[in-house]
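Read off the chains here:
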Amino acid sequence: MLQIFLICLFGFIAINVPIGFALLITATVMMYMSGITEPSVIVQNMIRGVNSFTIMAVPFFMLAGEIMNEGGISKRIVRFASSLLGHIKGSLGYVSILTGMLFAGVSGSALADTAAVGSVLYPLMKSEGYHEERSVDLICAAGTIGPIIPPSIPFILYGVMGQVSIIQLFEAGMIPGILIGGALGIVWWFYTRNKDSYSSSRVFLWREVAAATRDAIWSLLLPVIIMGGILTGIATPTESAVVACVYAIFISLFVYRELKWKAFPRVLLAAAKSTATVFLVIGSATSVAYFISTARIPGMISEALLNVSDNKYVIILLINIILLVIGCVMDLTPALLIMTPIFLPIIKQFGLSPVWFGVVITVNLCIGLLTPPVGTVLYVGCGISKKSISQLSRAMVPYILAMLVILLLISYVPGIVTLIPDLLA
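Residues numbered from 1 in each chain as written. Predicted model: local features only at pLDDT ≥ 70, side-chain atom pairs only at ≥ 80, totals over all residues. Heavy atoms only, no water.

Asks: Is there a simple way to explain the environment of F279 in this structure?
Replies: Inspection of the secondary structure assignment puts F279 in helix α14 (residues 264–294). By relative accessible area, which is 19% here, F279 ends up buried. Expressed as a C-alpha distance, the spacing of F279 and M56, which sit 223 residues apart in the sequence, is 10.0 Å. When sequence neighbours within four positions are dropped, the list of residues in contact with F279 reads V50, I55, V58 and P59. (Helix = DSSP H or I, 4+ residues; strand = E, 2+ residues; numbered from the N terminus. Buried < 20%, exposed > 50% of the residue type's maximum accessible area, 1.4 Å probe, protein only. Contact = heavy atoms within 4.5 Å.)

Here's what the structure looks like:
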């Protein structure tokens, strides 16, 4: 059954069948190979996969991201970050990283973060003579922090699939997200440190920071409201997502006044399309996960890994390598939904934390967003910069290496990930 699963899934992906339908066809093949002749089993599992109050946070966070892009929130966050870092050599690179981290606290989506920040910052970096490929790659790499710093759509999906506390996942993602931002900043510093052309003529002024803060304060309060409600127990992640939408609509319409009523149909349609795609993948992946579990595929993979080694550190390395390869050929969401039911039982078998693994698998697959041939964030960068995928791939290597260092760090020092959940337990 394992061979059938792999051949069907990756065979259909190889011939460019959309991932949602590839999963659905794979589930159908596995159903008949299991001796089940009732297609209603697939339908029931698809409904079970999306019939969740927690999953409803996904479309609301997607809608909040669309509203923020349309309502001028992103450019105010960029201006705020620029007021803090604009006087440093290579300042726009650091502004890209800080803005990506701040925006991550609002949208939870790597694609939304990259598109919003890139559309504002890349033209500025290009006009100031920054290296174009390295600049857009830095924006893309910073965009992948979006699913790691809470709120995070992948954490919600992992939590639902693995029956893991989403609140603890949100808490666990904070330090790794900051570490990735710091690692990207170090790479950028090495690149710009000896280049006088990256020097800035701006001077740090408190009054400029104060003005930018006043202008962006409504935007900066959004992640505080979202995470404050979740961490204090006042609201669930789904309720916080609804609050984020209402708040984003209010400040975009009545405070910044950049979101027009006539733009609402376009914003709602964009959010609906993204939600429909994700929900089809969730439903199809839930059906595949059902047949994966009934066919004991996690047990087969566990036995195969244990035949290689029974050392948990070696097993962690092997799982990371497999996930890195999967990330190159599959987008984050379907890879997360398929790999979670396969690897989570193995992780529990070794007595490792499911919360820790949720962060590790998410960081791992976020790296896949930057690697061809399927790196979706990399393609967003191509759209922003009008560069080819090969041009961006070559310049992306240092950023990927920096993220791999952080991946290894959190893989083998799990206390970094679980520090905040343990403190707040």
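Asks: Even after reading the chapter, I still don't get the layout of surface pockets, so can you show me in this structure?
Replies: Looking at the largest pocket, its volume works out to about 890 Å³. L111, V278, D331, T333 and T376 are the residues nearest the centre of the largest pocket, which is lined by 38 residues in total. Elements with a contribution of two residues or more to the lining of the largest pocket: α1 (2–14), α4 (57–70), α7 (110–127), α9 (153–162), α14 and α17 (332–349). In terms of residues, the lining of the largest pocket owes the most to one element, α14, which gives six residues. Of the residues assigned to the lining of the largest pocket, the class counts are 26 nonpolar, 10 polar and two charged. Its volume calculated, the second largest pocket comes out at about 330 Å³. Of all elements in the fold, only α3 (40–50), α9, α14 and α17 reach the threshold of two or more residues within the lining of the second largest pocket. Class assignment for the residues of the lining of the second largest pocket results in nine nonpolar, eight polar and two charged. (1 Å grid on protein atoms, 1.4 Å probe; cavity = no way out; pocket = protein on both sides within 12 Å on 5 of 7 lines; lining within 4 Å. Points joined across faces, edges and corners; volume = space filled by probe spheres on them. Nonpolar A, V, L, I, M, F, W, Y, C, P; charged D, E, K, R; others polar.)

Asks: I would appreciate a short explanation of the side chain of T340 in the present structure.
Replies: Of note, T340 is situated in helix α17. Given the relative accessible area of 1%, T340 is considered buried. Not counting residues within four places of it along the chain, the set of residues in contact with T340 comprises Y158, M161, G162, P345 and I361.

Asks: What exactly am I supposed to notice about the environment of V243 here?
Replies: With respect to the helices and strands, the residue V243 is situated in helix α13 (residues 237–255). The sequence separation of V243 and I226 amounts to 17 residues, and the corresponding C-alpha distance is 7.4 Å.

Asks: Is there a simple way to think about the packing of helix α12 (residues 206–231) against α13 in this case?
Replies: Angle between the axes and distance between the axes: these two values describe a pair of packed helices. Direction vectors running N to C along α12 and α13 enclose 165°, while the axes themselves pass 9 Å from each other. In terms of orientation, α12 and α13 fall into the roughly antiparallel class. For the crossing formed where α12 meets α13, the hand is right-handed. Here W218, S219, L221, L222, I225, I226, G229 and I230 of α12 come into contact with α13, specifically with P237, S240, V243, A244, Y247, I251 and V255. (Axes fitted to C-alpha atoms, helices over the stretch in contact; angles between N-to-C directions. Parallel < 35°, antiparallel > 145°, perpendicular 65-115°, else oblique. Left-handed = near helix turned anticlockwise from the far one by under 90°.)

Asks: Looking at this model, I keep getting lost on the pattern of salt bridges. Mind explaining?
Replies: Should the charged atoms of two oppositely charged side chains come close, the side chains can pair. A complete count under the given rule lists six salt bridges for this structure. Linking E258 and K75 is a salt bridge whose minimum nitrogen-to-oxygen distance equals 3.2 Å. Placement of E258 in the loop between α13 and α14 and of K75 in helix α5 (residues 73–85) is noted, with a sequence separation of 183 residues between them. K75 sits in the partly exposed class, given a relative accessible area of 41%. Across the pair K387 and E133 runs a salt bridge whose closest N-O atoms are separated by 3.7 Å. Remark: E133 occurs in helix α8 (residues 132–143) and K387 occurs in the loop between α19 (376–385) and α20 (389–412); sequence separation between them is 254 residues. Overall, the relative accessible area of 15% leaves E133 in the buried class. By sharing partners, the salt bridges in this structure join K75, R76, R79, D215 and E258 into a single network. (Salt bridge = Lys/Arg side-chain N within 4 Å of Asp/Glu carboxyl O.)

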